[in-house]
Amino acid sequence: MVMAEIVQRGTDTFRRARIRCGETPLGDRGLSEVSVSVADMRILHTSDWHIGRTFHGVDLLADQRSVLDALAALVADHAVDVVVVPGDIYDRAIPSADAVRVCNRGFEKIRAAGAVIVATSGNHDSPARLGAGSSFSAAGGLHLFTTVSDVAEPVIVEDAHGSVAFYGIPYLEPETTRAELDVPNARSHADVLRAAMSRIRGDVARRRSDGSSVRSVVLAHAFVVGGESTGSERSIAVGGVETVPASEFSGVDYVALGHLHSPQTIDDRIRYSGSPLPYSFGERSHRKAAWMIDLDATGNIDVTRMELPLVRGLSVLTGSLDELCTAAEFEEHVSNYVSAVLTDPVRPVDAMRRLQDRFPHAVHLEWQPPVRSGDAGYREKVVGRSDLEVMTSFLSDVRSDPTASETTLLERAARSAAAEPETVTTDEPRWERTA
Ligand SMILES: [Mn+2]
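An unreviewed UniProt entry annotates the protein as Nuclease SbcCD subunit D originating from Rhodococcoides trifolii. Database annotation for the protein, UniProt heading Subunit (unreviewed entry): "Heterodimer of SbcC and SbcD." Recorded in UniProt for the protein, the comment headed Sequence similarities (unreviewed entry) runs: "Belongs to the SbcD family."

Quick look at the structure:
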């Protein structure tokens, strides 16, 4: 980084950038990195990357790649020391090869920008696959916590004031983790998290027992009471209550949460960063962000919301197909992901192809014909009309008026249907009475 660039980025960055002078490049750093001393600890909290996720069938890898670049730029511009990612790194347990490439590249860029990475597995990740090679990657500054038995074994990052212990709690499914946490009667998410947090508090206390002022950061993937979902999260309510009271996280200086996809604050020190990209049209008005936390000597925090770039906007557009394809008012949406609500009275032919001529990123459409004035519900429409009239007008609507011979057939069918009993009252239905 040339000095002119550093100065341009402001005095705060200048101060922190100077602290970083003299650091060796990534390849030579290895484990010694964790003992680099800086002023206050600066942490960037992001989560729910969901690398490999598709959006209405459309591949989002290019968008994900660019938002990871933006995170790496934040790390470089603001001299972030540690990036925490509490879960849902990938969208699925077995990500595609391309998704793995995008994720690895993101990790490398963030690491090369100067931050240590602490990440955990979320409910979408496979702990074993995400954690493969984690003891080796830790030597390079990528700390992947995917093992339940390691919850009380933090990675320690030093700053000028001493140690900060980062504890990674992988997503805890009560059914599969209660034995490992030694709480055989745990039924709920709160039960297993309580067990994990109790181990963590025990470890913090042990580290402080000699009088040293160890500060602590916890990463967890859970639905904390008071949080709001966006609709693009997969429910974790399998056979029980999914929410966890915020009080379970007492005793730590900052709790970086993953799972919910919009940035939000449970209390000042317990937050969700949300996903870096919108993953449903319901999130189209959200601005995606990461939290930047400065942790001082006493464990006090100063939090700044860091806006993430909108890689591609989301629009829900309503109108007739012709209006959508020609009206000037829709021009500002042409490069967005578009969900269209078509209001044509007759369902237009080849609508998606025509829509995509103007909106290449149209991904979804639905047809909502207008309710004409005087239109009544089906029940009102047929009341007082004979069966034959109902059948005749149905044919006229969907095809053409029935011919004379067709009308005769309809009459016969109506009479024969009317002759049959309305309901079957025997225990054993007639049509099953064979042999
Ligand atoms: Mn998620």
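Caption draft 1: Up close: the overall build of the protein. The helix and strand inventory of the protein stands at 14 helices and 19 strands. Within the span of the protein, comprising 435 residues, buried residues form 37% of the whole. Taking the contacts inside the protein whose residues are at least 6 apart along the sequence as the reference set, 69% of them involve residues at least 24 apart.

Caption draft 2: Unusual backbone geometry, seen in detail. The backbone phi angle of His259 is positive, close to 125°, even though this residue is not glycine. Along the chain, the position of His259 falls in the loop between strand E12 (254-258) and strand E13 (264-267). The backbone of Asp350 shows a phi angle near 60°, a positive value even though the residue is not glycine. When you line up the elements, Asp350 lands in the loop between strand E18 (337-342) and helix H11 (351-358).

Caption draft 3: Summary view of the confidence of the model for the protein. The predicted model of the protein has a mean per-residue pLDDT of 86, with 84% of residues at 70 or higher. Note that residues 17-38 has pLDDT below 50 and, in this model, 27 contacts with residues that lie over four places away or in other chains. Note that residues 423-435 has pLDDT below 50 and, in this model, 3 contacts with residues that lie over four places away or in other chains.

Caption draft 4: Quick peek at the environment of Ala289. Structurally, Ala289 is set in strand E15 (residues 289-295). On the neighbour-count criterion, Ala289 (19 C-beta atoms within 10 Å) is partly exposed. Remark: the alpha-carbon pair of Ala289 and Tyr272, spanning 17 residues in sequence, is separated by 9.9 Å.

Caption draft 5: Quick peek at the environment of Asn123. Of note, Asn123 is situated in the loop between strand E5 (116-120) and helix H6 (127-130). Asn123 sits 99 residues away from Ala222 along the chain, and the two C-alpha atoms are 8.9 Å apart. Those residues within four positions of Asn123 in sequence are excluded, and the remaining contacts are Asp88, Tyr171, His221, Arg234 and Ile236.

Caption draft 6: Structural detail: helix H4 (residues 61-77). With 17 residues, H4 extends 24 Å between its outermost C-alpha atoms, agreeing within 8% with the 24 Å of an ideal straight helix rising 1.5 Å per residue. Looking one or two residues beyond H4, the residue adopting positive phi is Ala79, at roughly 50°.

Caption draft 7: Structural context of the environment of Gly274. By the element assignment, Gly274 lies in the loop between strand E14 (270-272) and E15. Among the residues examined, Gly274 registers 29 C-beta atoms within 10 Å and is labelled buried. Placed 226 residues apart in sequence, Gly274 and Asp48 show a C-alpha to C-alpha distance of 6.5 Å. Those residues in contact with Gly274 that sit more than four places away from it in its chain are Asp48, Leu260, His261, Ser262, Pro263, Lys288 and Ala289.

Caption draft 8: Geometry of the packing of helix H13 (residues 387-398) against helix H14 (residues 404-419). Contact pair H13 / H14: the axes reach a minimum separation of 9 Å and the direction vectors enclose 135°. One finds that H13 runs oblique with respect to H14. The element H13 and its partner H14 pack so that their crossing is right-handed. For the pair H13 and H14, the contacting residues are Asp387, Leu388, Met391 and Thr392 in the first and Thr407, Leu410, Glu411 and Ala414 in the second. Broken down by class, the residue content of the contact of H13 with H14 amounts to 4 nonpolar, 2 polar and 2 charged.

Caption draft 9: Structural context of the sheet that holds E13. The strand order E7-E8-E9-E12-E14-E13 describes an open sheet built from 6 strands, whose pairing is mixed. At either margin of the open sheet sits one strand with a lone partner, and together these are strand E7 (155-159) and E13. For this sheet, the mean angle separating the axes of adjacent strands, direction not counted, is 20°.

Caption draft 10: Up close: the pairing of strand E16 (residues 301-307). Bridge count between E15 and E16: 7 bridges; the pairing is antiparallel. Directly across from Asp294, in E16, lies its bridge partner Asp302. The hairpin formed by E15 and E16 contains 5 residues between the paired strands, and Gly299 there has a positive phi angle of roughly 95°.

Caption draft 11: Looking closely at the sheet that holds E5. Ordered by their spatial adjacency, 6 strands build an open sheet running E6-E5-E4-E1-E15-E16, and the pairing between neighbours is mixed. With partners counted over all chains shown, the strands left at the sheet margins are strand E6 (142-145) and E16, one partner each. Across the sheet, the axes of successive neighbouring strands diverge by a mean angle of 20°, strand direction being ignored. The pairing of E5 with E6 spans 4 bridges and is classified as parallel. Across the sheet, residue Ile117 finds its bridge partner in E6, namely Leu142. Along the sheet face, helix H5 (residues 97-112) touches strand E4 (82-86), E5 and E6 and points at about 145° away from the line of E5.

Caption draft 12: Quick look at the packing of H4 against H5. It is the contact of H4 with H5, at a shortest axis distance of 8 Å, that shows an interaxial angle of 10°. Of the possible angle classes, the one that applies to H4 and H5 is roughly parallel. Of H5, the residues touching H4 (which contributes Leu61, Gln64, Arg65, Leu68, Asp69, Leu71, Ala72 and Val75) are Asp98, Ala99, Val102, Arg105, Gly106, Lys109 and Ile110. Here the contact of H4 with H5 is composed, by residue class, of 8 nonpolar, 2 polar and 5 charged.

About the cut-offs
- Residues numbered from 1 in each chain as written.
- Predicted model: local features only at pLDDT ≥ 70, side-chain atom pairs only at ≥ 80, totals over all residues.
- UniProt positions renumbered as here; feature names shortened; annotations may be inferred.
- Helix = DSSP H or I, 4+ residues; strand = E, 2+ residues; numbered from the N terminus.
- Buried ≥ 20, exposed ≤ 12 C-beta atoms within 10 Å, placed from the backbone.
- Contact = placed C-beta atoms within 7 Å.
- pLDDT = per-residue confidence, 0-100.
- Expected span 1.5 Å × (residues − 1).
- Axes fitted to C-alpha atoms, helices over the stretch in contact; angles between N-to-C directions.
- Parallel < 35°, antiparallel > 145°, perpendicular 65-115°, else oblique.
- Left-handed = near helix turned anticlockwise from the far one by under 90°.
- Nonpolar A, V, L, I, M, F, W, Y, C, P; charged D, E, K, R; others polar.
- Pairing = 2+ DSSP bridges.

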